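The chain contents come next:
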Amino acid sequence: MRPVNAAAVASLCMLAACSNENTDAQNTHQVGEPVEWRMTSTYPSTLIQLGTLGKRLETEVAKISGGSVKLKFYEPGVLAPPFETFDAVSYGAVEAGWSTPGYWAGKDPALQLFSSVPFGPSAPEYLAWFDYGGGKELFEETYHKHNIHGIICGMTPPEASGWFKKEINSVDDLKGLKIRFFGLGAKVMEEVGAAPQLIAGGEIYQALELGTIDATEYAMPAVDYRMGFYEVAKHYYFPGWHQQSTFFELMINLDAWNSLSETQQAQVEATCAANVRYGISEGEALQADAMAALEAKGVNIHTWSPEILDELERAWGRVVTDLVEKDPEFARVWHSLEAFREKYKAWADRGYLKD
């Protein structure tokens, strides 16, 4: 047996240690330093879909990232009032927020088109435009101007059109009506003579009960049922012409986003992609039982007449024309979506069975 050279062994051990240190440093750089972020929400965690999809991120991103990225969900108002989520994330007061882009029309009108569009696309078409029609690039450009990185992180199926205390037989019946309404649809309601208001979800029931508002739209039947609107309004209208599908978002302070490794960024994006799929499938599955439950409560479920829908669509045409003329960024996003939809129509009209 050859004698052991102690100096050589020591040298090799030192080299191995250095190699391990370099490998550890390289792995840390690739995987990223663990982060624990606060995520304020515009919706309570108990609100089905609108809130639960955000709460779901808390567990799913930790699992997918192996604990490298942790998001702590905070209820509305704990870290920031619901309608101040945008500023809180932009300024870095919190690292992340859960919301929908339609709330931020006052910050950037173009963001409304990344939430829901009156007489707009179904979920598959909306996703197709976002992922393959240039929507994602426009979305990120818009948010980066405000020091926010936005990720589409949830999606829901069509909403109901609203709860009314009295039956609506013509567009004239909407004139002067005080109604809680969201997003671009609110501008259509204003165009036809209604008086829309944006009220946070937790305040709607009381406003409707006290007569502060005469009517409201909010979400899908499964959500509206849990909100208890059927107790104070008995006329429920479909289809939800104003929101045929709705995007929800994970807003991340841009500096915080840029501090993540590529691996961590991919893990967050993968979590959000899975959340979109979950939202669509869960949302579709929940509605049938909710509709049955509402009928059992004595709710009168109505379908808008073709004449009323036609008038609302013409009003939307006037609204969007005005918005395009006033805001170049809104116009840029709208023209992108409009061009994609025009091209997509050749497939949509032929590829699917009609009811």
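Everything numeric in this text was worked out from a predicted model, so none of it was measured.

Rules and cut-offs
Residues numbered from 1 in each chain as written. Predicted model: local features only at pLDDT ≥ 70, side-chain atom pairs only at ≥ 80, totals over all residues. Heavy atoms only, no water. Core = buried A, V, L, I, M, F, W, Y, C linked by side-chain atoms within 4.5 Å. Buried < 20%, exposed > 50% of the residue type's maximum accessible area, 1.4 Å probe, protein only. Helix = DSSP H or I, 4+ residues; strand = E, 2+ residues; numbered from the N terminus. Contact = heavy atoms within 4.5 Å. Pairing = 2+ DSSP bridges. Axes fitted to C-alpha atoms, helices over the stretch in contact; angles between N-to-C directions. 1 Å grid on protein atoms, 1.4 Å probe; cavity = no way out; pocket = protein on both sides within 12 Å on 5 of 7 lines; lining within 4 Å. Points joined across faces, edges and corners; volume = space filled by probe spheres on them. Nonpolar A, V, L, I, M, F, W, Y, C, P; charged D, E, K, R; others polar. Parallel < 35°, antiparallel > 145°, perpendicular 65-115°, else oblique. Left-handed = near helix turned anticlockwise from the far one by under 90°. Right-handed = clockwise from strand over helix to strand, strands pointing away.

(A) Focus on the nonpolar core. In terms of nonpolar packing, the biggest core is built from 106 residues, with Tyr218 and Leu250 touching the most fellow members. Of all the elements, helix α11 (residues 306–326) adds the most residues to this core, at nine residues. What Leu250 contacts, discounting residues up to four positions off in sequence, is Met39, Leu57, Leu71, Ala96, Gly97, His149, Gly150, Ile151, Cys153, Val268 and Cys272.

(B) View of the sheet that holds strand β3 (residues 96–99). As summarised here, the arrangement of the five strands in space is β2-β1-β3-β10-β4, forming an open sheet in which the pairing is mixed. Every other strand in the sheet has two partners, leaving β2 (69–74) and β4 (148–156) as the edge strands with one partner each. Averaged over all pairs of adjacent strands, the angle between strand axes in this sheet comes to 25 degrees, irrespective of strand direction. Most of the contacts of helix α2 (residues 52–64) go to β2, to which it runs at about 155 degrees, and overall it touches β1 (35–41), β2, β3, β4 and β10 (246–253). The strands that helix α10 (residues 262–296) touches are β2, β3, β4 and β10; relative to β4, the one it contacts most, it runs at about 25 degrees.

(C) Structural view of the side chain of Ser116. Relative to the elements of secondary structure, Ser116 occurs in the loop between β3 and α4 (123–132). Apart from residues no more than four positions distant in its own chain, Ser116 is found in contact with Tyr126, Phe182, Leu184, His242, Gln243, Ser245 and Thr246.

(D) Molecular detail of empty space enclosed by the protein. Going through the model one piece at a time under the given rule, you end up with two cavities of 30 Å³ or more. Taken as a whole, the largest cavity encloses approximately 80 Å³ of empty space. In terms of lining, the largest cavity is formed by Tyr43, Leu50, Thr100, Tyr103, Glu159, Arg180, Phe182, Tyr218, Gln243, Thr246 and Phe248. Residues that form the lining of the second largest cavity fall into these classes: seven nonpolar, one polar and no charged.

(E) Up close: the sheet that holds strand β7 (residues 195–197). The mixed open sheet is built from six strands, whose spatial order is β7-β6-β8-β5-β9-β11. Two strands close off the open sheet at either side, each with one partner strand: β7 and β11 (300–303). Looking at chain direction, strand β5 (residues 162–164) and strand β8 (residues 215–216) are connected through two bridges and run antiparallel. Paired with Phe164 across the two strands is Ala215, which belongs to β8.

(F) Main features of the packing of α4 against helix α12 (residues 328–351). Interhelical geometry of α4 versus α12 gives an angle of 120 degrees and a closest axis separation of 10 Å. As summarised for this structure, α4 and α12 are arranged oblique, according to the angle between their axes. In this structure, the crossing between α4 and α12 has a hand that is right-handed. Between α4 and α12, the contacting residues are Glu125, Ala128 and Trp129 on the first element and Val333, Ser336, Leu337, Phe340, Arg341 and Tyr344 on the second. Partitioning the contact of α4 with α12 into residue classes produces six nonpolar, one polar and two charged.

(G) Fine view of the layout of surface pockets. In this structure, the largest pocket spans a volume of roughly 1000 Å³. Lining the largest pocket we find 28 residues, and of these Phe119, Gly120, Ser122, Glu125 and Arg341 sit closest to its centre. Taken together, the residues of the lining of the largest pocket break down into 15 nonpolar, three polar and 10 charged. Estimated volume of the second largest pocket: approximately 260 Å³. Listing elements by their share of the lining of the second largest pocket, those giving two or more residues are α4, α5 (135–144), β4 and α10. Looking at the lining of the second largest pocket, its residues break down into eight nonpolar, two polar and four charged.

(H) Expanded view of the environment of Tyr205. Relative to the elements of secondary structure, Tyr205 occurs in helix α7 (residues 201–210). Among the residues examined, Tyr205 registers a relative accessible area of 22% and is labelled partly exposed. Sequence-wise, Tyr205 and Tyr132 are 73 residues apart; in three dimensions their C-alpha atoms are separated by 40 Å. Non-local contacts of Tyr205, meaning those with residues more than four positions away in its chain, are made with Met227, Gly228, Phe229, Glu231 and Val232.

(I) Expanded view of the pairing of β2. In β2, alternate side chains face the same way, and those of Val69, Leu71 and Phe73 are buried while those of Lys70, Lys72 and Tyr74 on the opposite face are not. Bridge analysis of β1 against β2 gives six bridges, and the strand direction is parallel. Across the sheet, Trp37 pairs through a bridge with Leu71, a residue of β2. Crossover handedness for the path β1 to α2 to β2: right-handed.

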